[in-house]
Each structure stands twice: as C-alpha cells, then as structure tokens.
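# Close look at the chain arrangement
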Amino acid sequence: MQMLTKFESKSNRVKGIAFHPKRPWILASLHNGCIQLWDYRMGTLLERFDEHDGPVRGISFHATQPLFVSGGDDYKIKVWNHKTRRCLFTLNGHLDYVRSVFFHHEYPWIISASDDQTIRIWNWQSRNCIAILTGHNHYVMCAQFHPKDDLVVSASLDQTVRVWDISGLRKKNQAPSANSYEDRLSAQSSQPDLFGSTDAIVKYVLEGHDRGVNWATFHPSLPLIVSCGDDRQVKLWRMNDTKAWEVDTCRGHFNNVSCAIFHPRQDLIISDAEDKSIRVWDMSKRTAVATFRRDHDRFWVLTAHPELNLFAAGHDNGLIVFKLERERPAYQVHQNQLFYSKEKLLRVFDYTTGADNAVLSLRKLGSQYVQPRSLSYNPAERAVLVTSPSDGGTYELFSLPKDFTGEPREPTGDGKRGSGTSAIFIARNRFAVLDKMHQQIQIRDLTNTVTKSFKPPSQVNEIFYAGAGNLLLSTATSVILYDITQRRTIAELSTPPVKYVVWAPDMSLVALLSKHTITIANKNLEQSALIHETIRIKSGAWDDAGVFVYCTLNHIKYALPQGDNGIIRTLDQPVYLTRVKGKGVHVLDRDGKARTINIDPTEYRFKLALVKRNYDEVLQIIRNSNLVGQSIIAYLQKKGYPEVALHFVRDDKTRFELALECGNIEVALETAKSMDREECWNKLGAEALRQGNHQVVEMAYQRVKNFDRLSFLYLATGNVDKLKKMMKIAELRNDTMSRFHNSLYLGDVEERIKLLKEVGQLPLAYLTAKSHGLNEEAEAILAASGLTEDDIEIPAQGQLLQPPTPIVRLQDSNWPLLTVSRGFFDSAFAADQANPMTPAPFNFATDAVDTMEEAGGDWGEDDFGIPGISDVPRTAAAEEGGAEDDEEGGWDLDADIKLNLEVEVGDATAEGEAAEFTPPSSGTNESAIWISNSPLAADHIAAGNFENAMQILNRQVGIANFTPLKPQFLTIFQASRVSLPANVSLPPLSFHVRRNGEDSDVRRSLPVVVFAFQNIISNDLQNAYRLTTSGKFANATTSFKAILHTVLLTVVSKKSEVDEVELIFVDILQVQQLIGVCREYILGLSIEQSRRTVALDTPDNIKRALELSAYFTHCQLQTAHLQLALRQGMKLSFKVKNFSTASTFARRLLELAPPQAVATEARQIQQAAERTPRDELKLDYDQYNPFTVCGASYTPIYKGSPSVNCPYCQTSYKPEYESTQCTVCEIAQVGANSSGLRVLI
C-alpha cells in the first residue's frame, strides 16, 4: 500500500478540514483564525475567510446547499455562503472553545462540541439552539451525527465515548402528521424531565480509554464506532439495540492520536497522530497495514471524501490530499476484447456482445490491498503478464483458459513470477522485464528463463512496447526508442516523465502521456505536437480517423496529430479510455466497470477534414450537422476560412464582422440593415469603397447621414442630379459650408455668389462674380457696399475654378469591382452568385499562368507510351503554342491540368524615387558618410567601395566568386549618382541620390535603394515562374539564379516597413523564404535537365533516370509544378515496371487534388500498379526517410548523414564537396563560415 499524494498546501497549522461532496474543493480551518478554500485538482487557493478571532477548529460543508459552517476559539459558530463569499450569520451560545461542527445529512441541523462540556444542536434555518446535550464532565472534543440513524456520538477528555439518542428531537421537529390516539394521549400527559430535556438522551457510555478521547465516529454502514485518544490507542466498538461493547484495540502510535476514521470502501481504519504519522489498520485483524510518516509535521485532523476515494489530513504546516490505492485498473485492448483487472480478478469484456466474464484470480499477486499496476496480453500464446508495485515491483505470467465463461479459475502450477517494475511482451515468445533498482532490462522466454540481459543507455523509469524488437524507454527527461537486437538507441525525444504510451492501430503515430502533457510523434519519435493541460491527464485512445481522444479528471478531449485540440464533453467522475469507435467511447470507471459514453465527434472530424484539405467531407459535415460555437468560428478564422465560419454564425454582429473579413458585401449589407448601427454602416462603407461598390457606399453614407462624403461620392461618380439634391438638403439644413461645397462641385457660380452675399462675404462674392465674367452682378455688389473698382485690388493672375465635366455618368451601375479569387467554399455556398473575397495574403506563389493548359516545353517531350492508360488529348491552343515556340515548345503533358494556386501579388514601386535634393555643404564627402552610416554591402557599393562590400559579403554569406555579381555592382553604383552639365569647358556636376531625401541633414544620408524587394517578387519571380511553366528550364534556371544574385544586394530601408508587415511584407524572413524558393527551383530544374541527358539504353541509366525523377518530386515547388513533376515520375516508373514507386507517385499526385482528367489517369495507374506492387529496379530512394539532395552529385543525403551547406542559399552537399563553389547560387563557397545575410540597418 502506498500514499498517492494528489495535492499539498503550505500554510499555518490546519485544525479542521472538509471536502465538498461534488466539487473538487476542500476547506481548511487554520490555527491563525483563517479559513482557506482550495481547489485540489487545480492546486489553487480560491478564497480566504477571515472573520474568526483565534484558531478555527471545526469546519464542515453542507451536503446539498452552498453553505459551510465553522467554529472556533472565539466561542462562535459561523454559517457561510461560499457562492456569495460571505458570512450569513453567527450562532452564539457556547461558553468556551468550539471543537467541532457538522451538518446533519437530512435536517437543517448543526451539531457542535465545545470545551464548555456541552454538545449543542442548532437549527440553521431558524438560527436557534434546539437542544443542549449535557453529561460529559470535561472538554467535549468531537460530536457527530450518525449517517443514517437518530444517533450522535461524542468524545470527551473525561475518557468516555457517549452515544446519544435524538429520536425525540426528530419527532419534535418533524412535519405534523396524523397521530394515533395513543400518541395524542401521551403528548397530553407528558411532563418535562426535571433534570433536562427528553429530546436527547444518553444511550451508551463507552469506557475503555485510559486518557482523554480526541475523536469518535460511526461506521458509514455497520454498527461500529472507532475512537482514539491521548492513551495512544485506537479502539473499535460494536453496538446493537441494547448495548455497546469494545471489540479490540489497535496499538502502534507513540504519541496522542488526533483522529481516526473508517475507510468508506474497505475494511480499514485510518488514524493520524502527533507522532507525525498516518497509520492504516486492518479492521478484521486489528493489525497495522501501512504507516506513512512526515519528518517535521504533527497531524491534527483526518477526513474522507463522502463520494470519492480521497482522504485529507491536516498537519502543522498545511494539509495533504491523498489516496491509498491506484484506482486506474490495469488493462489492455486486443481487437474486440478488453482485458482488465478488478478486485484482484482478471476479466475479459467483449465489445461486440457486451459480455463481461471473470477469467482468472489474481489474489496471490502482491498484497491484498494493492491492485495490479499493468497488464500485457499475448494473443499468440493466450498469456498475460501482470505487474504489481508490491515488494518493490513484482510480475507474474499467467496462461489463460480456452473458455472465458464460468467461474474464475485459480492459476495452475506454481506460476512464473519474478521481481520487476515493468513487464511487457515484445514478441510471440519473449517478454521484457525492467529491474529499476539495478537498472537492468532482461529478455525472458515463456518459461521465465532469462535469454538476454543488458543495461539501458540512461536511468530508466518505465519500459513500453514499440513494435517488434524495439522498446520505448522512459527516463526523467526523455523517451528513447531502443533496438533490442542491435542494442543501440534509434531515436530520442525530450519529454516530461512519460507515464503511459498509446500507439495508433497502424503503429504510425504514438501518444506519450505525462502528468500534464501529451507528446504526439511518429514511429521514429519525430514530434508533431505537444499539448499541455493544467488538469492531470488520465488516459487516451486513437480513433479510426487518426485523432487522439484523451481524458483529464473532468473532460474528454481530442488532439489532432498537427496539435489542434479541444473539448468533446465534460465528465462527472474520472474514467479511463479503452477504445474509441464512431460516436462511442468505451471506458473503465473507477469501480472497474466497463461502459460506453456517447460523444459527438463532429467537431474534431470537421477540423481533421480541414487540415487534410478534404473539402468534400467538410461540406458534408456543414450540411448535415449542427456544428456551432464560438470556438469553431475562432478556429475557422484562425485557419483562414472566414467564409466557412460565416455559414455557422447566426448572431448578427459576428456575422457582420465575418462577412467583412471575407469580403462578402451582400451578407454584410443584410446584417447591417438588421442591426442598423452607425459603426456598422461606417465599416460597410469603407469595405464597399475598397471593392468599388459605390452603390453600397452610397447607401451606407445615407444611413449615417454623412452628407459631405455623399457629395464627394456623387462628384466622383458624375451624378449631377443627386449633387443638386444634396445642395438643396444643405440649404434646408442651414449648413453653409456643405451648401458652398455642393455649389462648387456643380460649378454653380450664381449659387455661390448668392450664398456669399447671404453670409456677408461681399468681397468674396464680388471676386467670384468678377472672375466668372458676371460684371453686372459684380457692379451691383460694389454699389451695395458703397465702393468703386478703383478702391479694390484684384489679383492679376486669377484662374477660374470649375469642376471637370463628367464623361461617363455611373448612376445605375457600379464601377468595375475589385478582382478577387474564388475559393472552394464560395462555389459550394453561393452556387452561381458571386462572392467577393479579400485578396490572398502575400506569398511567393505564381500568378504567371492561370491554367496548366499553357504548360509545354521540356515537361511534355517524353513519350512514355503507356498501354491501357487513357491519353488526354492536346488542345489546338497547346498545339499552336508548341509550333510557335522555336526554342523549347509548350507543355505537352495535358491540356486540362490547371494551376491550383492563383495568388494575387500586389504591384509595388521601388523605394527611393527622386525627391527634392539639397546639395551637401562644401567639403563633405557623401560617399564616406554612406559608408559610415550603413553596414550593408549594397550601400558600400553605392559609395564606390567595392572592396569593402566584397569583404562584407564574404563574412556574411561566404561569397567567394564575385564575377556573376559585376552587373549588379555597376548598376547600384551608377544608379546612386546623377550628373548635370555645367558651363562650357567645365566638368559636369555630380550629385548623390539619397533614399532619405526628406532629411536635410547630410550626416544621416543613405544611398537610394536600387533593387526593391517588392519589384523582385512582382516582376522577376513571376517571370521565372512563367518560364518554368513554359518548360524553358534553362532560361528559368538563369532567371532564378539572377534573383539570388539580386536579393543578395536588397535593402529594407526603414524599420517602419518591417513593423508594418501586413502592408508591404518585407523583412528578413521573406528574404530567406525567397532564397529558399530560388534554391528549390534551381536544384529541381537542374536535376530534371540532368535526367533528360541520360540515355535510357542500359539498366544503370534507366535506374539513374528514375532516381533523378524521384528526387525532383521532393523539391519544394509550387503545387502546379509539383503536380507535373509527380506525373512525369509516375509515368516513367510505370513504363519501366517500377510499380510500387509509380503507385507512390500516383497517391501523392492525388493528394494534391489535380484536375479530373489527370486524377482519373493517376487512379488508373495506381490500380494497375497495386496489382503487382513491386519494383523491377532497386533505387537509391527511400520516401519514408527524410532527405535532402546533394547540389553537386544529385544524390540523397538522408537524415543523420554528415553534410555541409552553402552559407548563402543553404543547399546541402556531401562532405567531399566542402570548400568548392556552390553549383546553385554559383557565388558562395560550400561550408564557409558566415554570420548571416543582413538587409536592414
């Protein structure tokens, strides 16, 4: 038996403790007068109550009401409401310390024991004392109600335990009922007792303790009483209707025993004492079963949870919540059977029939009080290994009977047992045993004979099954995948201490369960997700779809292999998951009963379908389920599917925000009308204006009465009629400025003159009339003001102010709306209606082609001639493209393969446009200032210091060959200066062009940015994509290399640009991503060009061509280009009868969702290949082992193999190519030391 600590607090001395019957709360009353409310699951302090003066010795929760009661040395009993966190009232009456307080299980009563030698019973509803029990002649240390009967037990320092009958009190206080004649007669003739009330009388006085008694309590179901006292003894008493007597005494404590209680589920007594120990006693044998000691803390109080298998003890420095046994049953699932232990019996539960049979007795294994810890089943030999933590860890091997029905059988023979903390089957006739003490792992056969023994590579706490011939070794800081045969470590993964391991049915994924974390990894221990929980994790199981379902103490949750997780449902009590099947979760509860809990897997199946891009299943779930909730909406927004989230939302406000986010003006307009709030119309107007929908903009401005913006909108759209109405409205509103603006927009001079005269601006009115040739009106104004033309000075160079005449009047139609892409869900949800979407976020995807119909060139020159596979005909356009292309021709794989990625990349202009320039002061060399102000190579080149720039590039990214960079050097140097012709015979004047021309201080000047990153993305990269799509591999390779050379000299000019990533998307991360894109394309295209030079005339050449084709498919290309690469590899492999490889390529191609015709062709090849899944040629290609391709030899470098990298483009090379020139970027030295490229000052 062991003490399993679940929670421990540090505080002042704890004198009283009480569990809440339903919630995971515990109250602790302290010697310093404070009451603490703890959540023992979370380990957090919820509340403090500080109204008592002096120590609080008694505390108790009510069973059903949100109440608790406390009693202390201030003679007061306080009743509290834990919801409102305040004291409701105080019961006064005791004349000395209150030692204990308890609620009655049924009536509104509180019982209290006090040092005033009395026991009082209170009605907490009427707040009165209803009975005083007198009889003890010393302090009463404890008084409690019987859990069922009308009895009270009390313990006193007068060395007695008294049992009181309170049936009279119950009858007196119960609800009126129809009484018999005898009852009414006795009630009329009854006289009060001369010496006290007859409501409560002493039934038994139990004498036997030699000193004062500190505690006494009833057994929850049997007629037993346990008591303890300062005589260091624990006594057991039995009673019947007429008498009570002492049964036996438990001796072993060597100081005052503070408290003793019955174990609510077993025949055990638990006691704690001032000797700093908690002891467990066998109630039938009256012998000590276990003793748990603390070094410095005396124990004062002990309690059991009313429903759970939990105990709590208070000591000098806090409290401890603990269990005396593991409630997790040992179990293992095999196919449709669950093998588990319950009450020292091995049981088998059949999932299909629901039959639950006891098969074998395990009573001889370990201690009778300690349940088995783990179970391992061997289906081949029908044997089980069961381990127990008794005696430092033991195991036993049992053979199962052929028939599981009937009575449980006793194990036959002597049994094959031994010592070890973990024992698991690892093969049909072998099992592994961990001897934790000696750190030895033994491999034994079914006769329990050691066949192999070895020491693990580190300190191991547990061992787990990891497939044939392998073990998972759990250490304090990691998990090790260990090969038993070769005795070597295959892989290691850092994790917290792992308690349980759950493998997926196909052994491809594993969940490593720690106390508060779940680590999901693949079979090679490569981590894919790490999930942290604040509540203890209890168990888990994989469902059919590859989702890990697990449970904590109070929830069933799920985790996707990528790390997304959420709650499926809550739990009343902890359970242990054994299997997940459909909508049912099979569990074992803490009573060892197998049952099924219904769950709704819709949410995690929906998320899994989104992650896997299985949009058909996503649509099916949306249409057939009621999946709702803020968490789903937030998840869809986070994953970039606001249009899907819009389908779930019914709340107008959320629906409006989502509609704006995905650009759905129609839905936004509908919800704005229903809400009719000013802020909504303003947001809608801004989004509609961004899209060019001026009709919705007009409606929004009208709803919020934004007259000024309406007028300007009518001016921009040329709507003269509505501008006139706006002028009339302004006149009715007496808005002078609005009226003037509208007349200005209309070019209505008379109205402007009239308005200026009305507001008393006669000079402006005269000027307006005079400027527009209205001389009579001007003279009338002069006459009215009493002036002549000689008195007025008119500007000599005045110009008429007339608005432009509208050429196209868009009154009933919109402007051309913003061009946006349409997603999969737009078509599904909106059918034929257009659903405007926000532009795609910035990335490096190609927008050079819209469809794969333009593909040609080198992609299509192979004629594989595969019989039985339907050919996709070429279109006329493709034929013409091929004929016109005299260099390399067009694509010729298919005429209907479409690019899946159509990404809009916004155009941007280069930084550093010419600005007004202030010549530098005499004597300042601005080139030298540029060098001192900037550490960037591009700025040093602009200053003319080429040598410095070369040294910087060599230090940063190991550049050794500067010849290819000569054009870029000269371009930067020339673009940073302008020359102006001077007088005849004088040299021209030279000026430096700055990128911060607005700053007049020459000391902070920097040269103009010549190569703008945005231009590279918008122009150069798209052109390279276009060449790749056209099949012009040589030209495309040259273009990508030129981009690599240009990016090297890119400058991000302002930090504000880096901060506003959403606006311009330029920072070092994007630079590195672009370098990676160029690297992958250069390497992939070079591999493909090398493959096309291989003549397919010998087996070795065919093998090399197949390998190069396979390596090409592992380059990180755009989806459209990767589809074409996979298709080429698939056809070539099928042609040379490498069917297994062809099937792999077909599967990968189908995962990328190609066009229908290509998908049909891939399925045909896959079906044909799977009929004979073998390869004619053995390739140096392992798709399951991660690898990179050597940039020089075009051979794989598998994970863990030695390699060196190019310091600039990060291309991998084999070690023999170190110090050579990189073949990808052609400028850096392989393996050179570098500090990293810098593009920002």
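Reading the values: the criteria
- Residues numbered from 1 in each chain as written.
- Predicted model: local features only at pLDDT ≥ 70, side-chain atom pairs only at ≥ 80, totals over all residues.
- Heavy atoms only, no water.
- Core = buried A, V, L, I, M, F, W, Y, C linked by side-chain atoms within 4.5 Å.
- Buried < 20%, exposed > 50% of the residue type's maximum accessible area, 1.4 Å probe, protein only.
- Helix = DSSP H or I, 4+ residues; strand = E, 2+ residues; numbered from the N terminus.
- Domains from an automatic or database assignment.
- Axes fitted to C-alpha atoms, helices over the stretch in contact; angles between N-to-C directions.
- Parallel < 35°, antiparallel > 145°, perpendicular 65-115°, else oblique.
- Contact = heavy atoms within 4.5 Å.
- Nonpolar A, V, L, I, M, F, W, Y, C, P; charged D, E, K, R; others polar.
- Phe/Tyr/Trp six-rings, centres within 6.5 Å; stacked < 30°, edge-to-face > 60°.
- Lys NZ or Arg CZ within 6 Å of the ring centre and 35° of its normal.
- Polar contact = N/O pair within 3.5 Å; in protein donor to acceptor, adjacent residues only side chain to side chain.
- Pairing = 2+ DSSP bridges.
- UniProt positions renumbered as here; feature names shortened; annotations may be inferred.
- 1 Å grid on protein atoms, 1.4 Å probe; cavity = no way out; pocket = protein on both sides within 12 Å on 5 of 7 lines; lining within 4 Å.
- Points joined across faces, edges and corners; volume = space filled by probe spheres on them.
- Patch = residues over 30% accessible without salt bridge, like charges linked within 9 Å, V, L, I, M, F, W, Y side chains within 5 Å.
- Areas by Shrake-Rupley, 256 points an atom, 1.4 Å probe, with all protein chains shown as cover.
- Salt bridge = Lys/Arg side-chain N within 4 Å of Asp/Glu carboxyl O.

## A word on the nonpolar core
Burial of nonpolar side chains together is a common tendency in soluble globular proteins. Judged by nonpolar contacts, the single largest core of 92 residues is most densely connected at I959, F1040, L1048, L1049 and Y1208. Per element, the largest residue contribution to this core is 10 residues, and it comes from helix α27 (residues 1068–1092). Inspection of this core shows a minimum of three residues originating in each of domain 4 (926–980 + 988–1010) and domain 5 (1112–1181). Counting 62 residues, the second-largest nonpolar core is a separate cluster that includes A113, I166, V213 and W237.

## A few points about the packing of helix α11 (residues 707–717) against helix α13 (residues 736–746)
Contact geometry of α11 with α13 gives a least axis separation of 10 Å together with a crossing angle of 0°. On the basis of the axis angle, α11 is roughly parallel to α13. Residue-level inspection shows D708, S711, F712 and L715 of α11 in contact with α13, the latter providing S738, N742 and Y745. The class makeup of the residues in the contact of α11 with α13 is 3 nonpolar, 3 polar and 1 charged.

## Describing the packing of aromatic side chains
Within the structure shown, the criterion is met by 30 aromatic pairs. Between F946 and F973, the aromatic rings sit 6.0 Å apart at their centres with planes inclined by 90°, giving edge-to-face as the arrangement. One end of the pair, F946, is in helix α21 (residues 946–957); the other, F973, is in helix α22 (residues 966–975), with 27 residues separating them in the sequence. Given the relative accessible area of 25%, F946 is considered partly exposed. In this structure, R328 packs its charged tip against the face of Y500, placed 3.7 Å from the ring centre. Directly above the aromatic system of Y351 lies the positively charged group of R579, at a separation of 4.1 Å from the ring centroid.

## Re the environment of R328
Within the element layout of this structure, R328 appears in the loop between β28 (318–323) and β29 (331–334). Owing to a relative accessible area of 12%, R328 belongs among the buried residues under this scheme. Separated by 14 residues in sequence, R328 and K342 place their C-alpha atoms 9.8 Å apart. With near-sequence residues (within four places) excluded, R328 lies in contact with Y500, K538, S539 and Y576. Among the polar contacts made by the side chain of R328, one reaches the side chain of Y331 at a distance of 3.3 Å. From its side chain, R328 meets the backbone oxygen of K538 in a polar contact 2.5 Å long.

## Remarks on the sheet that holds strand β13 (residues 128–134)
Taken in spatial order, the 4 strands make up an open sheet running β10-β11-β12-β13, and their pairing is antiparallel. Each edge of the sheet is formed by a strand with only one pairing partner; in this case those strands are β10 (98–103) and β13. On average, each strand axis in the sheet is tilted by 20° relative to the strand beside it, whichever way the strands run. Across 6 bridges, the pairing between strand β12 (residues 118–123) and β13 is antiparallel. Note that in β13 the partner of W122 across the bridge is C129.

## Notes on the pairing of strand β19 (residues 224–229)
Burial analysis of β19 places 6 of its 6 residues in the buried class, which makes it a mostly covered element. Burial along β19 is two-sided: L224, V226 and C228 and I225, S227 and G229, pointing in opposite directions, are all buried. Judged from the 5 bridges that link them, strand β18 (residues 213–218) and β19 form a sheet pairing that is antiparallel. Bridge pairing in β19 links W215 to C228. Adjacent in sequence and paired antiparallel, β18 and β19 are bridged by 5 residues. As judged from the 5 bridges shared by β19 and strand β20 (residues 233–239), these two strands associate in the antiparallel manner. Looking at the pairing, V226 lines up with L236 of β20. Hairpin remark: β19 followed by β20, antiparallel, with 3 residues in the connecting loop; positive phi at R232, about 70°.

## Quick look at the side chain of S1193
The topology assignment puts S1193 in the loop between β58 (1187–1189) and β59 (1196–1198). A distance of 2.6 Å separates the side chain of S1193 from the side chain of T1195, its partner in a polar contact. Those residues in contact with S1193, other than ones at most four positions away along the chain, are R1104, K1214 and Y1217.

## A few points about the pairing of strand β21 (residues 244–251)
As paired strands, β20 and β21 are joined by 7 bridges and run antiparallel to one another. Its bridge partner lying in β21, K235 is registered against T249. Linking β20 to β21, which pair antiparallel, is a turn of 4 residues.

## Focus: the sheet that holds strand β47 (residues 517–522)
Read across the sheet, 4 strands follow the order β45-β46-β47-β48 without closing on themselves; strand pairing throughout is antiparallel. Either end of the sheet is taken by a strand with one partner, and the two such strands are β45 (500–503) and β48 (527–532). Taking the axes of each pair of neighbouring strands and ignoring which way they run, one obtains an average angle of 15° across the sheet. Relative to β47, strand β46 (residues 509–513) runs antiparallel, the two being bridged by 5 bridges. Within β47, the residue paired with L513 across the bridge is I518.

## Topic: the UniProt feature "repeat: WD" (unreviewed entry) in the chain
UniProt records the feature "repeat: WD" (unreviewed entry) for residues 7–48, 49–90, 91–132, 133–167, 206–247 and 250–291 in the present numbering. With 3% helix and 57% strand, the stretch residues 133–167 has end C-alpha atoms that lie 13 Å from each other.

## Looking at unusual backbone geometry
Look at K705: it is not a glycine, yet its phi comes out positive at around 55°. Within the secondary structure, K705 sits in the loop between α10 (694–703) and α11.

## Looking at empty space enclosed by the protein
Summed over all chains, the structure comprises 5 cavities of 30 Å³ or more. For the largest cavity, the calculated volume is near 140 Å³. Every residue lining the largest cavity is listed: K6, Y40, R41, L308, L310, K323, R536, K538, L553, P574 and R590. Residues belonging to the lining of the largest cavity are distributed by class as follows: 5 nonpolar, no polar and 6 charged. Mapped onto the domain boundaries, the lining of the largest cavity takes at least three residues apiece from domain 1 (4–171 + 199–323) and domain 2 (533–627).

## What to know about a nonpolar patch on the surface
A contiguous nonpolar surface patch, about 230 Å² in accessible area, is contributed by L764, L767 and I794. With respect to the secondary-structure elements, L764 resides in helix α15 (residues 762–771). Judged by its relative accessible area of 42%, L764 falls in the partly exposed class.

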